[in-house]
Amino acid sequence: PASMDLKTQARLYLPTSDGSKLEGMIARLRLEFEAKNYVGQYSNFRSYVKPSYYFQRTTSYLDNASKVKTSRQADVQYGSEFNWSLSKTFSMLPGFEVEDDWSNASEANTRDQRHDNFISYRLGLEVRPMKTFNFTIGFQNKHDLIVMDRTDAVSYSLMTNVSLF
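Notes on the structure in this doc start here. Given the structure is predicted, the values throughout are model-derived calculations rather than measurements. (Residues numbered from 1 in each chain as written. Predicted model: local features only at pLDDT ≥ 70, side-chain atom pairs only at ≥ 80, totals over all residues. Heavy atoms only, no water.)

The next thing to look at is unusual backbone geometry. Unusually for a residue other than glycine, Ser66 sits at a positive phi of about 60 degrees. Relative to the helices and strands, Ser66 is located in the loop between β4 (60-62) and β5 (68-70). (Helix = DSSP H or I, 4+ residues; strand = E, 2+ residues; numbered from the N terminus.)

Encoded structure:
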């Protein structure tokens with residue numbers, strides 16, 4: 001029999017990096033909604049939506065190269081992934097994510113609001129050698145949906161998880 005989990009979270013991020021401080025960020029509010037449907041003993045299908053809103057001091061700022069840039073206004077990430085259990089030890093994780101980003105407009109600096117839109121295709125291999133330790137080796141290809149001739153961003157990752165207790 002299949003079962004389902006629903007999860008919601010609210011997170012408040014405060015500026016700690018130099019880039020966030022330079023941009024004039026006061027805070028970022030992020031909501032997370034997730035539905036996970038379990039299939040079999042180890043497999044699951046997950047879908048999520050993660051909208052964020054940025055509270056900024058200004059609509060534009062000077063970056064480190066003294067270029068005028070507009071500050072972030074909002075973003076939303078939504079996607080799905082399937083955790084396909086090949087055995088008790090190995091799982092394949094194909095998935096995708098769409099990301100929309102909006103910046104503030106700045107009349108003082110004659111900057112229009114900017115909208116960026118990306119899609120990422122992912123594939124991972126999760127390895128669970130022990131009950132208290134697992135890791136995932138991943139590949140991601142991020143493609144710009146607005147500026148189609150922009151080169152795709154390809155990345156690789158290694159994520160580890162260790163349970164101490």
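This is not the end of the story, as more comes after the structure.
Taken as a whole, the largest pocket spans an internal volume of roughly 590 Å³. Those elements that provide at least two residues to the lining of the largest pocket are β2 (25-39), β3 (43-56), β6 (72-85), β8 (115-130), β9 (133-144) and β10 (153-162). Residues of the lining of the largest pocket, tallied by class, amount to six nonpolar, eleven polar and six charged. Estimates place the volume of the second largest pocket at around 210 Å³. What lines the second largest pocket is Tyr42, Lys88, Arg128, Pro129, Met130, Lys131, Thr132, Phe133, Asn134, Asn161, Val162 and Ser163. Taken together, the elements giving at least two residues each to the lining of the second largest pocket come down to β8, β9 and β10. Looking at the lining of the second largest pocket element by element, the count peaks at three residues for β8. (1 Å grid on protein atoms, 1.4 Å probe; cavity = no way out; pocket = protein on both sides within 12 Å on 5 of 7 lines; lining within 4 Å. Points joined across faces, edges and corners; volume = space filled by probe spheres on them. Nonpolar A, V, L, I, M, F, W, Y, C, P; charged D, E, K, R; others polar.)

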